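Fold and contact review
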Amino acid sequence: MNTRIQLTLRTTPEMPVEAEALLPEMMTGKSVAEIESLPLQVGNCTETVGDHFRVEISETPSDEPNDGPAGLELTGDLTRFKHIGESMSCGTLTVNGPVGFHAGAKMSGGELTINGTAGDYLGAMMTGGTIVVNGNAGHFAGSAYRGFSRGMAGGTILINGNAGNLTGARMRRGIIAVRGTCGDLAGFSMGAGTVLIGGETGVRAGANMVRGTVILLTPPESIMPTFRYDYTGRPPYWPLLHSSLSEAGWKAPETMGQAVFKRYSGDFNEGGRGELLLLS
Amino acid sequence: MRINNVEIVDTFAEAFPMAATRVTITAKNEKWAMEAALAATGFATSVIGCGIEAAIDGVSQQTPDGRPGLDCLFFGMSGDALEKQMLKRIGQAIMTTPTTACFDGGVDECEADRREPLKLGGKIRYFGDGFQASKVIGDSRYWRIPVMEGEFMIQESFSMVKGIGGGNFMILAESDDAALEAAEAAVESMREVRGVALPFPGGIVRSGSQVGSRYAFLPASTNVAFCPTIRSRVPQTVLPPGTNSVLEIVIDALTYDQVAEATRVGVRAACLPGVLQITAGNYGGKLGKHHFHLRELLG
């Protein structure tokens, strides 16, 4: 049997909500009453899931045994709900509506799909799993929190809209793909991993990067002077990345599987071992 | 037992466990994939003289980078021996070929608990002299090695299993032409079986060997019992009357079933006019772990 838990927002809270409890693994195996009694920190008050959501559980027959967590679906304007999907390790969490800050932060597994916009710090410090945003994301997607030298260390973030500033800042591993535009300082101080941006990007992409790759499918008018041109050609790993993103649902144009790029090494302020690829 | 009037001897082939792996070589087009595959699997007929046994398995159904590719099989006496040879062949034959990339071809026909990692890309990467970089895509790490042509990409870790080496059968015929025609027909059928390597040239051995020699410096020598030109001088000859030529086909594969299937289709295809008998080579059954009884396979 496949179990599906649906939470539909009834009353929009007036204060920000700390929604760490809204995780598939927290709700699997629980009854409607038990789920309704899970805590939600609303401002400085502890309320419950049932105070704000209508909870429904449905089960559908399946040919295969399902020992994993239930699929969780949230519906409503969750702009004030922070930390949705934080530390998620398995299962699927689908949100039909916008979400607040820190969605998917510290994730280590599972799939988080947001059919709406996401606030700042989407997927910050994550180490695994997949986040798909069918909308825009805020600043600091896949980045490190202040005071940490490294941010995202694994997993995949796919943003089918636009992203804000400092996307992938200090990332250590993983892939971030932005279909639309991106703000300033994409890939700032990254240690490894890949940031791919389809649309226009702001200034200083790749600034202070130590290693890793920033791929710009809409090349900017200028790049930082601390990047040096290497060559123009077809990076062998691009078809793998392109195929991997396509399989994950990132709508990559079919013809780009064998694209030609201009490659720049940089940031030479940090040793020059990073890579900036501009679609040629 | 007779098939198309060819006697199938009541005997068995004796085969041995070997460390095995499958590698997918991709390139800009089929031509360059084939160049790399031929170079990488060349001079790999026997572990005794070549250190490794290898052959092209077939066209890759799906390649990680979407380019044309060929799957190649490699067999060694041990995991260490296999790794040592593979590093040489990848470095000298695959990486040197224009436009190639090298991936784990997978061993899906073997259970997961039989697979061990074989770190090849993780060692070839040092050719990059410190300028190499890696990318993790999905669950795999790929090394990007800067080369004069551009970049050579190789997967860090490949899958190794305990395969089987030394499956065989011999075609005893009235003439060399008849033996060759039968062997060619057998090879054509056997090459349809995936996971099977026929490591000798064209898949056929014209100079099968026996263990030992009268010369102390030789570990093996011509298989006198099957040599027609000295039949009258060899008391232990096994050649039936009328035999004027013998060819052997050696079979390596990833699984027992693949050796069995290849033997089955090969023997059937070889039962042509001019062929008198099909037999197999063994060591009395006391050395090799795997036995392939001809009549059981073909019954």
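Just so we're clear, the structure is a prediction, and the values are computed from it rather than from any experiment.

To continue, consider the overall build of chain B. What chain B contains, in helices and strands, is seven helices and 17 strands. Expected size for 299 residues packed as a compact globule is a radius of gyration near 19 Å; at 21 Å, chain B falls within 12% of this value. Across its three principal directions, the C-alpha atoms of chain B cover 65 × 40 × 35 Å. Taken over 299 residues, chain B has a buried fraction of 46%. Across chain B, the fraction of contacts at a sequence separation of at least 24, relative to all contacts at a separation of at least 6, is 73%.

This part covers the sheet that holds strand β2 (residues 17-18) of chain A. Residue and element names in this part refer to chain A. Pairing in this open sheet of four strands is mixed, and the strands run β4-β3-β2-β7 from one edge to the other. Single-partner strands in this sheet number two, and they are β4 (45-48) and β7 (81-82). Two strands pair when backbone bridges link them, and β2 and strand β3 (residues 39-42) are joined in this way by two bridges, in the antiparallel orientation. Pairing of V17 across the sheet is with V42, part of β3.

Bringing the domain arrangement of chain B into the picture now. Residue and element names in this part refer to chain B. Each assigned domain of chain B is listed here: domain 1 (2-14 + 165-298) and domain 2 (18-161). Computed from C-alpha atoms alone, the centre-to-centre distance between domain 1 and domain 2 is 30 Å. With 13 residues of domain 1 at the contact, the number on the domain 2 side is 16 residues. Across the side of domain 1 that touches domain 2, the residue classes break down as eight nonpolar, three polar and two charged.

Every contact between the two is made by 13 residues of chain A and, on the other side, 14 residues of chain B. Per-element tally for the side of chain A that touches chain B: the top contributor is helix α4 (residues 238-247) of chain A, with five residues. For the side of chain A that touches chain B, the residue count by class is six nonpolar, five polar and two charged.

Time to look at the domain arrangement of chain A. All names here are of chain A. Domain parsing of chain A yields domain 1 (1-73) and domain 2 (83-279). Inter-centroid distance (C-alpha atoms) of domain 1 to domain 2 is 30 Å. Domain 1 puts 14 residues into the contact, and the matching count from domain 2 is 14 residues. Of all elements in the fold, only α1 (24-27) and β6 (71-75) reach the threshold of two or more residues within the side of domain 1 that touches domain 2. In terms of residues, the side of domain 1 that touches domain 2 owes the most to one element, β6, which gives three residues.

Residues and elements named next belong to chain B. Two elements in contact, helix α1 (residues 30-41) and helix α3 (residues 79-94), have axes whose closest approach is 9 Å; the angle formed by their N-to-C orientations is 140°. With respect to α3, the axis of α1 lies oblique. Relative to α3, α1 is oriented so that their crossing is right-handed. Here α1 contributes A36, A39 and A40 to the contact with α3, which in turn contributes R89, A93 and I94.

For an α-helix the count is 3.6 residues per turn, leaving residues at separations of three or four pointing the same way. Residues and elements named next belong to chain B. Of all the positions in α3, only L82, Q85, M86, R89, I90, A93 and I94 are classed as buried. Across the axial projection of α3, the buried residues extend over an arc of 135°, all falling on one side. Residues of α3 that are exposed and angled more than 90 degrees away from the buried face: D80 and Q92.

So, on to the nonpolar core. Residues and elements named next belong to chain B. Grouped together as the largest cluster of nonpolar side chains are 168 residues, with contacts concentrated most on I25, F74, I154 and I171. Here the element with the most residues in this core is strand β11 (residues 157-173); it accounts for nine residues. Apart from the residues within four sequence positions on either side, I154 is in contact with I90, A101, C102, L120, G121, I124, Y142 and W143.

Criteria and cut-off values
- Once a new chain begins, its residue numbering starts again from 1 and follows that chain's sequence as written.
- To read the labels, note that chains go from A and ligands from 1, taken in the order they are written.
- Residues qualify for local features only when their pLDDT is at least 70, as the model is predicted, and side-chain atom pairs are given and counted only at 80 or more; totals for whole chains, interfaces and linings, by contrast, use all residues.
- To qualify as a helix, a DSSP run of H or I must reach at least 4 residues; to qualify as a strand, a run of E must reach at least 2; elements of each kind are numbered from the N terminus.
- The globule rule used for comparison is 2.2 Å times the number of residues to the exponent 0.38, while the radius of gyration itself is calculated over C-alpha atoms.
- Three exposure classes are used, all based on how many other C-beta atoms lie within 10 Å of a residue's own C-beta (placed from the backbone): buried at 20 or more, exposed at 12 or fewer, and partly exposed between those limits.
- Contacts are defined on C-beta atoms placed from the backbone: any two residues whose C-beta positions lie within 7 Å are in contact.
- By definition, two strands form a pair when at least two bridges between them are found by DSSP.
- Domain start and stop positions are those given by an automatic or database domain assignment.
- In this classification, the charged set is Asp, Glu, Lys and Arg, the nonpolar set is Ala, Val, Leu, Ile, Met, Phe, Trp, Tyr, Cys and Pro, and all remaining amino acids, among them Gly, are polar.
- Fitted lines through C-alpha atoms serve as axes, helices being fitted only where they are in contact, and the angles separating the N-to-C directions of these axes extend from 0 to 180 degrees.
- Each angle gets one of four labels, with under 35 degrees taken as roughly parallel, over 145 as roughly antiparallel, 65 to 115 as roughly perpendicular, and the rest as oblique.
- Two helices cross in a left-handed way if the nearer one is turned anticlockwise from the farther one by less than a right angle. They cross in a right-handed way if the turn is clockwise.
- This arc corresponds to the set of directions leading from the helix axis out to the C-beta atoms.
- By convention in this section, buried Ala, Val, Leu, Ile, Met, Phe, Trp, Tyr and Cys residues joined through C-beta atoms within 7 Å make up a nonpolar core.

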